[in-house]
Amino acid sequence: MSISKYYIPFVFLALLSCGEFEEKTYSMDDTPEVSVDQNQNINIELENTIFSIPSPVQIAMELSDSNSSFSSALLHDADQYEKYSSSFDKAMMLGIYGTDLAYCSVNELSGKSITYYSTMKKLADKLNIGFAINESLVERFSANIDDRDSVLVMASEAYVKIDEYLKENDNQDIATMVLMGGWIESMYIQSTALQSDTSEVNQLKLAHHKYALNHFITLLEKVGTGDRYWELQSMLGDVKKLYDDIPTTYEFKPSTTEATTQTTQINSTSSFDTDYGTMLEISNEFINLRNYYTK
Amino acid sequence: MKKLLFTLLTFLTFQPIISIGQTKCDSLGAIVSSMINNGDEGFLTDGQSYKYFLVEDETSEIITTLYEGINYRIATTAGLEDNYMIFELLDEQRNLLFSNANHNNAPYWNFKVENTIECTIEAKLDPNRKLNGCAQMIIAFKKDN
């Protein structure tokens, strides 16, 4: 009897332990060590499905290749980071400042890049995920600030570390908001570019985010944890209605693969039948959405 | 005292079982990252973390958009051996665009995209090589020159 009294709690503890993450520890190089249990989903998984969202760096690179010139007026004031108090806002701002960092870095504005990187660090601290942008990363960032490629690599590393940490600690809602903020800021910059250059190329760049919008709406349905999430979902739903007016086509064509270079060319074709009126409405929606959250 | 001793012994008995139940994944990040820029090719990660624990016959899906004018590299690992993972790229109609199983489970592959398309990446362990374990994937990109 006395044996079972002690035996059962330990069996329970053993089973419980199998269902949780191991506490994070730090190895010599300060890299967090991660242990994952078989039953724990560590990504934003919806019935074993993960959504991949385009990187802010990718979108900033596309903008820099277009005729759009850099405009510092589009950046969100880094000094305002302290006015956001809820986790929802802080996470969204972390994403927004992340995109501003990418936008500055791609345009080789080292001083502004450091400002936004430091602001991200401060916001990460406020979200208790400061170690994701640890001091060694900050030092490396400052030391390499004039090397655009290194800066972009380090910015991407910081995004991954933040995303990884949040997902591993079951903060999928916050992780989604960081991605969301980054994407909204990217769409804001791209929308502004469209309004000054209405070329079909710019219209198509914005139209191509139709899929990402649908992914975010699905994510919010699954991970949303309160009114602010439902409100955002509703606003994105309004943008989706406009996107639904853009017909798309897809035609499968077999890919061609070159094994020696480990490269596959995807030959399938797609089209987005844009019209300026609809794209202008979509761009207005994105600009309003971003300004609503940064006010 | 007897009870305390029993408690300690029970804990020590179960501790190895607990450790086996958990799998260290911390080494995978370095392995998969090394595949992204193994030749200084200028790829950048998309900023997201794709980690999962797979058991036999279990498949994980990543839904993504591949944008025209961007080159992609998809890299995945489930351990020190290069070829534990099978991954397939499917289009929105579930047509097969690529499978690394046709290339000895190559741990990474590059993709050039003509038009923006929505795709699904399906990843699973090769049951002939590994039955369960942690896996990690990176989606990286670079501008088409």
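Bear in mind the structure is a predicted one, so any value in this text is a computation, not a measurement.

> I would appreciate a short explanation of the overall build of chain B in the present structure.
A tally of regular secondary structure across chain B gives two helices and ten strands. Going from the N terminus to the C terminus, chain B shows its helices and strands as α-β-α-β-β-β-β-β-β-β-β-β. With 145 residues in all, chain B has 57% of them scored as buried. Taking the contacts inside chain B whose residues are at least 6 apart along the sequence as the reference set, 80% of them involve residues at least 24 apart. Summed over its atoms, the accessible surface of chain B is roughly 6300 Å², and 52% of this surface lies on carbon and sulfur atoms.

> I'm lost on the overall build of chain A in this one. Help?
Along its length, chain A carries eleven helices and eight strands. Residues counted as buried form 54% of the 295 residues belonging to chain A. Relative to all contacts within chain A whose residues are 6 or more apart in sequence, the contacts with residues 24 or more apart total 70%. As displayed, chain A has an accessible area near 12800 Å², and 49% of this comes from carbon and sulfur atoms.

> Please clarify how helix H2 (residues 56-65) of chain A should be interpreted in this entry.
Turn by turn, an α-helix covers 3.6 residues, leaving residues three or four places apart pointing in a common direction. All names here are of chain A. Of all the ten residues making up H2, eight are buried; the element is thus mostly covered by neighbouring parts of the structure. Along H2, the residues that are buried comprise Pro 56, Val 57, Gln 58, Ile 59, Ala 60, Met 61, Glu 62 and Leu 63. One side-chain oxygen at the N-terminal end of H2 lies 2.9 Å from the backbone nitrogen of Val 57; it belongs to Ser 55.

> Which parts of the structure should I look at to understand the packing of aromatic side chains?
We describe a pair of aromatic rings using the distance from one ring centre to the other and the angle between the two ring planes. One pass over the full model with this rule turns up 14 aromatic pairs over all chains. Ring geometry for Tyr117(A) and Phe141(A): centres 3.7 Å apart, planes at 5 degrees, overall stacked. Taken as a pair, Tyr117(A) in helix H4 (residues 110-126) and Phe141(A) in helix H5 (residues 135-143) lie far apart in primary sequence, 24 residues in all. The class of Tyr117(A) is buried, set by a relative accessible area of 2%. Note on Phe141(A): relative accessible area 1%, which makes it buried. Plain terms: the ring middles of Phe131(A) and Tyr165(A) are 4.8 Å apart, the flat faces sit at 80 degrees to each other, and that makes the pair edge-to-face. With Phe131(A) in the loop between H4 and H5 and Tyr165(A) in helix H6 (residues 148-168), this residue pair connects regions lying 34 residues apart in the sequence. Here the aromatic residues Phe88(A), Tyr229(A), Tyr292(A) and Tyr293(A) are joined through ring pairs into a cluster of three or more. Lying across the ring of Tyr84(B), Lys130(B) places its NZ or CZ 4.8 Å from the centre.

> Before we go on, may I ask you to explain the sheet that holds strand E4 (residues 49-51) of chain A in this structure?
Within a sheet, adjacent strands bond to each other through the backbone by hydrogen bonds, running parallel or antiparallel. Strand order in the open sheet formed by five strands is E4(A)-E4(B)-E9(B)-E6(B)-E7(B), and the pairing between neighbours is mixed. The open sheet terminates on both sides in strands that have one partner only, identified here as E4 of chain A together with strand E7 (96-99) of chain B. Averaged over all adjacent pairs, the angle separating strand axes in this sheet is 20 degrees, with direction ignored. Bridging between E4(A) and strand E4 (residues 59-66) of chain B involves three bridges; their strand directions are parallel. If you follow Phe51(A) over to E4(B), its bridge partner there is Ile63(B).

> I tried to follow the pairing of E4(B) on my own but got confused; where do I start?
Every regular strand shows the same layout, with side chains that alternate between the two sheet faces. Residue and element names in this part refer to chain B. The buried fraction of E4 is high, at seven of eight residues. As judged from the eight bridges shared by E4 and strand E9 (residues 117-125), these two strands associate in the antiparallel manner. Its bridge partner lying in E9, Thr 65 is registered against Glu 118.

> So what exactly am I meant to see when it comes to the pattern of salt bridges here?
In total, this model carries 13 salt bridges over all chains according to the counting rule given. The shortest N-O distance in the salt bridge between Glu157(A) and Arg140(A) comes to 3.5 Å. One end of the pair, Glu157(A), is in helix H6; the other, Arg140(A), is in helix H5, and 17 residues separate them in sequence. Linking Asp244(A) and Lys240(A) is a salt bridge whose minimum nitrogen-to-oxygen distance equals 3.3 Å. By relative accessible area, which is 45% here, Asp244(A) ends up partly exposed. One salt-bridge network, held together by shared partners, links Glu164(A), Glu168(A) and Lys51(B).

> Even after reading the chapter, I still don't get helix H3 (residues 87-106) of chain A, so can you show me in this structure?
All names here are of chain A. Spanning 20 residues, H3 covers 28 Å between terminal C-alpha atoms, matching the ideal 28 Å at 1.5 Å per step. The buried fraction of H3 amounts to 19 of the 20 residues, a majority that puts the element mostly inside the structure. Positive phi appears at Glu 108, one or two residues downstream of H3, with a value of about 55 degrees.

> How do you make sense of unusual backbone geometry when you look at a structure like this?
Apart from glycine, the bulk of residues carry a negative phi angle, and the bulk of peptide bonds sit in the trans form. Residues and elements named next belong to chain A. Within the chain, Asn 128 stands out as a residue other than glycine whose phi angle is a positive 60 degrees. When you line up the elements, Asn 128 lands in the loop between H4 and H5. What makes Asn 128 exposed here is its relative accessible area of 63%.

> How should I be thinking about the packing of H6(A) against helix H7 (residues 172-196) of chain A in this particular structure?
In a packed pair of helices, the relevant descriptors are the angle between the two axes and the axis-to-axis distance. All names here are of chain A. At a minimum axis separation of 7 Å, H6 and H7 run at an interaxial angle of 155 degrees. One way to sum up the angle between H6 and H7 is to call them roughly antiparallel. Regarding H6 and H7, the two cross each other, and that crossing is left-handed. Along its contact with H6, which presents Ile 162, Asp 163, Leu 166 and Lys 167, the element H7 presents Gln 172, Ile 174, Ala 175, Val 178 and Leu 179. By residue class, the composition of the contact of H6 with H7 is six nonpolar, one polar and two charged.

How each quantity is defined
Residues numbered from 1 in each chain as written. Chains lettered and ligands numbered in written order. Predicted model: local features only at pLDDT ≥ 70, side-chain atom pairs only at ≥ 80, totals over all residues. Heavy atoms only, no water. Helix = DSSP H or I, 4+ residues; strand = E, 2+ residues; numbered from the N terminus. Buried < 20%, exposed > 50% of the residue type's maximum accessible area, 1.4 Å probe, protein only. Contact = heavy atoms within 4.5 Å. Areas by Shrake-Rupley, 256 points an atom, 1.4 Å probe, with all protein chains shown as cover. Polar contact = N/O pair within 3.5 Å; in protein donor to acceptor, adjacent residues only side chain to side chain. Phe/Tyr/Trp six-rings, centres within 6.5 Å; stacked < 30°, edge-to-face > 60°. Lys NZ or Arg CZ within 6 Å of the ring centre and 35° of its normal. Pairing = 2+ DSSP bridges. Axes fitted to C-alpha atoms, helices over the stretch in contact; angles between N-to-C directions. Salt bridge = Lys/Arg side-chain N within 4 Å of Asp/Glu carboxyl O. Expected span 1.5 Å × (residues − 1). Parallel < 35°, antiparallel > 145°, perpendicular 65-115°, else oblique. Left-handed = near helix turned anticlockwise from the far one by under 90°. Nonpolar A, V, L, I, M, F, W, Y, C, P; charged D, E, K, R; others polar.

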